[in-house]
Amino acid sequence: MLPNQLNMTEKNGTIRTLTVDIGGSGVKAMILDKAGNPLTERSRVETPQPPKPDAIIEAITHLATEQGEFERVSVGFPGVVTNGVTKTAVNLDPDWIGLDLATKLSERLGKPVRVANDADIQGYGAISGKGVELVITLGTGFGSALFVEGKLVPNLEAGHHPFRKKDTYEEQLGRVALEKVGKKKWNSRVKKAIASLEHLFNYDCLYIGGGEAKKINFELPHNVKIVPNVNGLLGGIALWKE
Ligand code: BGC
């Protein structure tokens with residue numbers, strides 16, 4: 001998107017949302033119009049190491065400058081989030097626990113900021129709003145979000161729940177496991193996870209997002225769909241729907 005096109009958008013009175021996805025391997029951002037359509041190309045930087053709050057806030061500030069002008073910010077965070085405060089951060093750093101990310105980032109960017117769990121945001125970008133819809137994300141970690149008639153059931157953390165062989169879903173299906181056991185074994189685990197989650201939730205539809213979802217190489221049941229990872233950014237608009 002060219003800067004002059006952005007100015008036109010502003011003149012037309014559209015509120016632009018900078019949407020950010022904090023991941024274990026990359027931090028991504030793009031700007032959305034009021035209806036949630038992208039106004040810019042997605043940009044990405046590697047997640048700083050160690051992934052401490054100040055370094056990631058710095059990375060977001062850099063992405064924000066690169067993206068252009070916006071009026072408000074949505075952030076997807078890889079842990080439990082309550083009222084803008086990050087409560088867990090298994091794949092980042094313990095310094096995130098209890099941090100008021102919404103306030104801190106808002107002070108830094110000078111704009112209102114809303115923060116939600118990354119899988120919840122993936123879900124908002126994917127669901128139809130009908131029946132019981134489960135979302136899982138396969139990336140560095142294992143994300144999960146449950147929706148009933150489009151309403152989020154908060155704080156579902158299936159990733160850290162026992163799955164098989166004394167391992168959790170995340171231990172069997174996260175990126176570390178994928179790299180350790182390879183695609184073939186990982187795919188057979190994904191198949192077993194789908195069966196296990198179907199028995200547990202009896203969902204109408206399961207959506208699978210996250211950066212590794214594209215590595216699934218078997219035929220999925222009719223009520224299971226792979227969704228593009230960009231949904232983790234597009235879903236950010238939902239945080240501003242009253
Ligand atoms: C976290 C979840 C997050 C998922 C994907 C898990 O380790 O506990 O909150 O959604 O990783 O990033």
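Computed from a predicted model, the values in this text were never measured in an experiment.

Chemist: Explain the sheet that holds strand β9 (residues 132–138) to me, please; I cannot follow it from the model alone.
Modeler: What holds strands together in a sheet is hydrogen bonding between their backbones, with the strands either parallel or antiparallel. Across the sheet, which stays open at both edges, the five strands sit in the order β11-β10-β9-β14-β15 with mixed pairing between neighbours. Two strands in the sheet have a free side with no partner beyond their single neighbour: β11 (151–153) and β15 (224–226). Averaged over all pairs of adjacent strands, the angle between their axes in this sheet comes to 25°, without regard to strand direction. Inspection of the sheet shows β9 paired to strand β14 (residues 205–209) by five bridges, in the parallel sense. Within β14, the position partnered with E133 by the bridge is C205.

Chemist: What exactly am I supposed to notice about the sheet that holds strand β4 (residues 72–77) here?
Modeler: Ordered by their spatial adjacency, five strands build an open sheet running β3-β2-β1-β4-β8, and the pairing between neighbours is mixed. The open sheet terminates on both sides in strands that have one partner only, identified here as β3 (43–46) and β8 (113–117). Going from strand to strand, the sheet's axes swing by 20° on average, the running direction of each strand aside. Both strand β1 (residues 17–22) and β4 contribute to a ladder of five bridges, which runs parallel. Note that in β4 the partner of T19 across the bridge is S74.

Chemist: In this structure, what is going on with the environment of L220? I would like to understand it.
Modeler: With respect to the helices and strands, the residue L220 is situated in the loop between β14 and β15. Considered as a pair, L220 and I194 are 26 residues apart in the sequence and their alpha carbons are 9.2 Å apart.

Chemist: Explanation requested: the pairing of β1 in the structure shown.
Modeler: The side chains of a regular strand alternate, residue by residue, between the two faces of the sheet. Most of β1 is tucked away, with six of its six residues classed as buried. Counted between consecutive antiparallel strands, the loop separating β1 from strand β2 (residues 26–32) contains three residues.

Chemist: Mind showing me how you'd approach empty space enclosed by the protein here?
Modeler: A probe matching the size of a water molecule, rolled over the atoms, marks out where space remains unfilled. Throughout the structure, instances matching the rule amount to one cavity of 30 Å³ or more. In this structure, the largest cavity occupies an estimated 40 Å³ of space. If you trace the largest cavity, you find it lined by G79, V80, V81, N117, D120, S144, N155, L156 and E157. Of the residues in the lining of the largest cavity, the class split is three nonpolar, four polar and two charged. Both domains that furnish three or more residues to the lining of the largest cavity are identified here as domain 1 (17–120 + 233–240) and domain 2 (129–226).

Chemist: What am I meant to see in the pairing of β3 here?
Modeler: Taking every second residue as pointing to the same face, the buried face of β3 carries S43 and V45, while none of R44 and E46 on the other face is buried. Where β2 and β3 come together, four bridges link them in antiparallel fashion. Considered in β3, the bridge of A29 is made with S43.

Chemist: Any chance you could explain the nonpolar core here in plain terms?
Modeler: Note on soluble globular proteins: their nonpolar side chains tend to be buried together. In this structure, V20, I22, V73, V75, F77, L101 and L105 are the most contacted members of the largest nonpolar core, which totals 29 residues. Looking at this core, the elements with two or more residues in it are β1, β2, α2 (53–67), β4, α3 (101–109) and β8. Element by element, the count of residues in this core is highest for α2, at six residues. Beyond its immediate stretch of four places on either side in the chain, V73 contacts T17, L18, V20, L105, L109, K111, P112, V113, R114 and W240. Ranked by size, the runner-up nonpolar core spans 23 residues in total, among them A158, A193, A213 and F218.

Chemist: Looking at this structure, I do not really get the packing of α2 against α3. What am I missing?
Modeler: For any two helices packed against each other, the geometry comes down to the angle between their axes and how far apart the axes lie. For the pair α2 and α3, interaxial distance at closest approach is 11 Å and the crossing angle is 45°. Viewed along their axes, α2 and α3 adopt a mutual orientation that is oblique. By crossing handedness, the relation of α2 to α3 is classed as right-handed. In this structure, α2 contributes D54, I57, E58, I60, T61 and A64 to the contact, and α3 contributes L101, K104, L105, R108 and L109.

The rules behind the values
Residues numbered from 1 in each chain as written. Predicted model: local features only at pLDDT ≥ 70, side-chain atom pairs only at ≥ 80, totals over all residues. Heavy atoms only, no water. Pairing = 2+ DSSP bridges. Helix = DSSP H or I, 4+ residues; strand = E, 2+ residues; numbered from the N terminus. Axes fitted to C-alpha atoms, helices over the stretch in contact; angles between N-to-C directions. Buried < 20%, exposed > 50% of the residue type's maximum accessible area, 1.4 Å probe, protein only. 1 Å grid on protein atoms, 1.4 Å probe; cavity = no way out; pocket = protein on both sides within 12 Å on 5 of 7 lines; lining within 4 Å. Points joined across faces, edges and corners; volume = space filled by probe spheres on them. Nonpolar A, V, L, I, M, F, W, Y, C, P; charged D, E, K, R; others polar. Domains from an automatic or database assignment. Core = buried A, V, L, I, M, F, W, Y, C linked by side-chain atoms within 4.5 Å. Contact = heavy atoms within 4.5 Å. Parallel < 35°, antiparallel > 145°, perpendicular 65-115°, else oblique. Left-handed = near helix turned anticlockwise from the far one by under 90°.

Keep in mind these numbers describe shape, not what the thing actually does.
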